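Observations on the model geometry
Each chain is listed here by its residues.
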Amino acid sequence: MIEANAVVSAHSFVGNSSYVCAGAVVNHDAVIRDFCQIDCNAVVASGTTVPEKTKVLSCMVWNKK
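Below is a short write-up of the structure. For clarity, every value in this text was computed on a predicted model and none was experimentally measured.

Calculation notes
Residues numbered from 1 in each chain as written. Predicted model: local features only at pLDDT ≥ 70, side-chain atom pairs only at ≥ 80, totals over all residues. Heavy atoms only, no water. Pairing = 2+ DSSP bridges. Helix = DSSP H or I, 4+ residues; strand = E, 2+ residues; numbered from the N terminus. Buried < 20%, exposed > 50% of the residue type's maximum accessible area, 1.4 Å probe, protein only. Contact = heavy atoms within 4.5 Å.

1. Focus: the sheet that holds strand S3 (residues 19–20)
- Read from one edge of the open sheet, three strands run S3-S6-S9, paired in parallel fashion. At either margin of the open sheet sits one strand with a lone partner, and together these are S3 and strand S9 (55–56).
- Relative to S9, strand S6 (residues 37–38) is paired through two bridges, and the arrangement is parallel. When the sheet's bridge partners are listed, Ile38 is paired in S9 with Val56.

2. Focus: the environment of Val50
- The topology assignment puts Val50 in strand S8 (residues 49–50).
- Given the relative accessible area of 0%, Val50 is considered buried.
- Here Val50 is in contact with Val31, Ile32, Arg33, Cys36, Val44, Val56 and Trp62, once residues within four sequence places are set aside.

Structural data, given as structure tokens:
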């Protein structure tokens, strides 16, 4: 699910049962695997992958490839 005011950029992928909260930003070419949560105001950097069942906390920047 992607809440209102969340930004998911071009060529990004959000897996099954993953949740992107309001204010979160998923930059281009990012991959969010299944069952993840991207909290409010969190950022997933370009070209990175969030592994399955991971929670990216509020105001955190995920930059792990």
